[in-house]
There are 2 protein chains.
Amino acid sequence: MRRFIVMGHRAITSADFKLDDLCGATGRLDILLRCVNSAFFLSHGIRKDVEIQLMLLGEPNPPKTVRIDGSGVKYLNPDERSTAALIRNALLQKGEGERKCSPGIYVSERSYGEVLSNVSKESKMYYLSEDGEDIRTVEFGKDSTFVMGDDQDLTDAEEEVLMAYEPKKISLGPISYHADHCITLVNNELDRR
Amino acid sequence: MRRFIVMGHRAITSADFKLDDLCGATGRLDILLRCVNSAFFLSHGIRKDVEIQLMLLGEPNPPKTVRIDGSGVKYLNPDERSTAALIRNALLQKGEGERKCSPGIYVSERSYGEVLSNVSKESKMYYLSEDGEDIRTVEFGKDSTFVMGDDQDLTDAEEEVLMAYEPKKISLGPISYHADHCITLVNNELDRR
C-alpha cells in the first residue's frame, strides 16, 4: 500500500468554483489535481494499491479531506478538469464523518492530525524533503505513507505534528520538484523494488 | 540540452477546439499538454535547457509541429487549460516555414522526418521503449533527444524513420507509464548526472 498525503494550504473548501478557472480562484487546487493523476495513472490502468488524501485547508470551510482509494475508484480520468469535477462533487456532500461521494472517493472534515493518526501503524511515514536521504538508497516496507506540501512546504506546526510519527526524510534529487512530479518519482522507485 | 519529441497521433491540427473539452474533441491533445508541464516545470522556475516538439498529426491539417524552447518561453503556466490556449494560438498562425507564435513558442508544418533531420547531429537520440536498457545505467552526453508516443506507441513506419538515427532504446522501469510521467523520470535521471 502506498499512501500520499498532500497539503493544499490554500485549497478551496467549498464547491463554489468554476471548472474554467482552476488556477485562479481555487487556492491552487490545480496542483492537487495533478497529484491525483500522478498517484494513480499507468498506461494500462489505475494503480489499485495507492491511496491519496488531499488536505484542503483554504477558505471558507477548512479542513476538508478528500480521500481517493485506488482499489475502488471509478470515473477517474487523467485530465485536470474532470478530476476537479469529482472534487467539486465531493465538496457538495453534506453530513458527518467520512462520506462516500462516488466510487472510491470520500470526503470528511478530518484535520491533518486526525488524518495522520488514522494511518495504519503498520505504515512507515516518509517526509519529502530536500535534505533527506536519497530515495534510491532507502529501504521500504510493504506499507508506506508519503507526506508533502503543495507549492508551499509544510509549515513549522505541520512539520511538528508529523515528527511525532518519526518520519524518514527522503530526497528525490538535487532539484526541488512540483508535488505531482514527486509522486511520479516515488511511484517509479517503488515499482522498481 | 534535452529535447523531447512527442507524437500526437490524432492530435487536432486546427484551432477549432474548446478549452472546456480538451479530452473530448482534440485527439488527446491533453496528453501533450501534460508533457509540456513535465518537460519544463521546476518548483522555482522553468527549465531553460529543455526543448519540446509536439507532433500534431490528427485532422484536419496534419502535420503541425509546435516547438517550445525553454530558454525563451514566456506565459507558460503549469495547468492544462492555459497551455492549451498557447497551442491554440499557435495553430492560428498562418504563414510558411517556422513561425514564432509567442515568446519561445513556434509552429511549422514540418513532418516527423523533417523534425528528426533538423535535430543537431551532436545530439544522441533515445527511444523510450519497455525493452530498452534501464535508463539508470545509460550514459548521456551533453545533448540528448528523447522520442516517444502519446497514448499510442510509435507506428512501424515512425519507428523505421527513427531507426536511421541509431537511437538507443531506454526503459524507465518495469511498468509502462504515461508520456508525461516518462518525461518527469527522464528529467530526474538527467538532473542526477
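Computed from a prediction, not measured in an experiment: that's the story for all the values here.

1. So, the packing of aromatic side chains
All names here are of chain B.
Thought 1: Tallying each qualifying case throughout the model produces 8 aromatic pairs over all chains.
Thought 2: Here tyrosine 126 and phenylalanine 140 contribute two aromatic rings whose centre-to-centre distance is 4.8 Å and whose plane-to-plane angle is 50°, an arrangement assigned as tilted. Taken together, the residues tyrosine 126 in strand S8 (residues 124-134) and phenylalanine 140 in the loop between S8 and strand S9 (144-148) connect sequence positions 14 residues apart. Phenylalanine 140 carries the same exposure label as tyrosine 126, and that label is buried.
Thought 3: Pairing phenylalanine 140 with phenylalanine 146 gives two aromatic rings, centres 6.0 Å apart and planes at 50°, and the pair type is tilted. Accessibility classification places phenylalanine 140 together with phenylalanine 146 in one group, the buried group.

2. Here we look at the packing of helix H5 (residues 179-192) of chain A against helix H5 (residues 179-192) of chain B
Thought 1: Running from amino to carboxyl end, H5 of chain A crosses H5 of chain B at an angle of 80°, the nearest separation of the two axes being 9 Å. Relative to H5 of chain B, the element H5 of chain A is oriented roughly perpendicular. Contacts between H5 of chain A and H5 of chain B involve His181, Thr184, Leu185 and Asn188 of chain A on the former and, on the latter, His181, Thr184, Leu185 and Asn188 of chain B.
Thought 2: Residue composition of the contact of H5 of chain A with H5 of chain B, by class: 2 nonpolar, 6 polar and no charged.

3. So, the interface of chain B and chain A
Thought 1: Each partner contributes to the interface: chain B provides 35 residues, whereas chain A provides 35 residues.
Thought 2: The contact between chain B and chain A buries some 3100 Å² in all, and 48% of this surface belongs to carbon and sulfur atoms.
Thought 3: At the surface where chain B touches chain A, the tally comes to 6 salt bridges.
Thought 4: Aspartate 20 of chain B is paired through a salt bridge with arginine 81 of chain A; the nearest N and O atoms lie 3.6 Å apart.
Thought 5: Looking at side-chain class alone, the side of chain B that touches chain A contains 10 nonpolar, 11 polar and 14 charged residues.

4. A word on the pattern of salt bridges
Pairs can form between side chains of opposite charge once their charged atoms are near each other.
Thought 1: For the structure shown, the criterion picks out 42 salt bridges over all chains.
Thought 2: In this structure, aspartate 30 of chain A and arginine 28 of chain A form a salt bridge, with 2.8 Å as the shortest nitrogen-oxygen distance.
Thought 3: With relative accessibility at 0%, the residue aspartate 30 of chain A sits in the buried group.
Thought 4: Taking relative accessible area as the criterion, arginine 28 of chain A reaches 23% and is therefore assigned partly exposed.
Thought 5: Here glutamate 189 of chain A makes a salt bridge to arginine 136 of chain B, at a shortest N to O gap of 2.6 Å. With glutamate 189 of chain A in helix H5 and arginine 136 of chain B in the loop between S8 and S9, this residue pair bridges two chains.
Thought 6: One salt-bridge network, in which partners are shared between bridges, spans Arg3, Glu51, Arg67, Glu98, Arg110 and Asp143 of chain A.

5. Concerning the nonpolar core
Thought 1: With 99 residues, the main nonpolar core has Ile52 and Phe146 of chain A together with Ile52 and Phe146 of chain B as its most contacted residues.
Thought 2: Excluding anything up to four places from it in sequence, isoleucine 52 of chain A contacts Phe4, Val6, Cys35, Val36, Ala39, Phe40, Val66, Arg67, Ile68 and Ile183 of chain A.

6. Quick notes on the relation of the copies chain B and chain A
Thought 1: Note on the identical chains: chain B maps onto chain A by a rotation of 180° and an axial translation of 0.0 Å, with an RMSD of 0.0 Å. What the rotation and shift describe, once combined, is the action of a two-fold rotation axis.
Thought 2: When the interface residues of chain B are mapped onto chain A, 100% of them again fall at the interface, so both copies present the same face.

7. Quick notes on the state of the cysteines
Residue and element names in this part refer to chain B.
Thought 1: Taken as a whole, this structure holds 0 disulfides over all chains when the rule is applied.
Thought 2: Considering cysteine sulfurs only, cysteine 35 is the nearest to cysteine 23, which forms no disulfide, with 13 Å between them.
Thought 3: Exposure remark for cysteine 23: the relative accessible area of 27% places this residue in the partly exposed category.
Thought 4: Of all cysteine sulfurs, the one in cysteine 182 lies closest to cysteine 35, which takes part in no disulfide; the gap is 8.2 Å.
Thought 5: Take cysteine 35: its relative accessible area is 0%, and that puts it in the buried class.

The rules we used
- Residues numbered from 1 in each chain as written.
- Chains lettered and ligands numbered in written order.
- Predicted model: local features only at pLDDT ≥ 70, side-chain atom pairs only at ≥ 80, totals over all residues.
- Heavy atoms only, no water.
- Phe/Tyr/Trp six-rings, centres within 6.5 Å; stacked < 30°, edge-to-face > 60°.
- Helix = DSSP H or I, 4+ residues; strand = E, 2+ residues; numbered from the N terminus.
- Buried < 20%, exposed > 50% of the residue type's maximum accessible area, 1.4 Å probe, protein only.
- Axes fitted to C-alpha atoms, helices over the stretch in contact; angles between N-to-C directions.
- Parallel < 35°, antiparallel > 145°, perpendicular 65-115°, else oblique.
- Contact = heavy atoms within 4.5 Å.
- Nonpolar A, V, L, I, M, F, W, Y, C, P; charged D, E, K, R; others polar.
- Buried area = accessible area lost by both parts, 1.4 Å probe.
- Salt bridge = Lys/Arg side-chain N within 4 Å of Asp/Glu carboxyl O.
- Core = buried A, V, L, I, M, F, W, Y, C linked by side-chain atoms within 4.5 Å.
- Least-squares fit on C-alpha atoms with pLDDT ≥ 70 in both.
- Disulfide = S-S within 2.5 Å.

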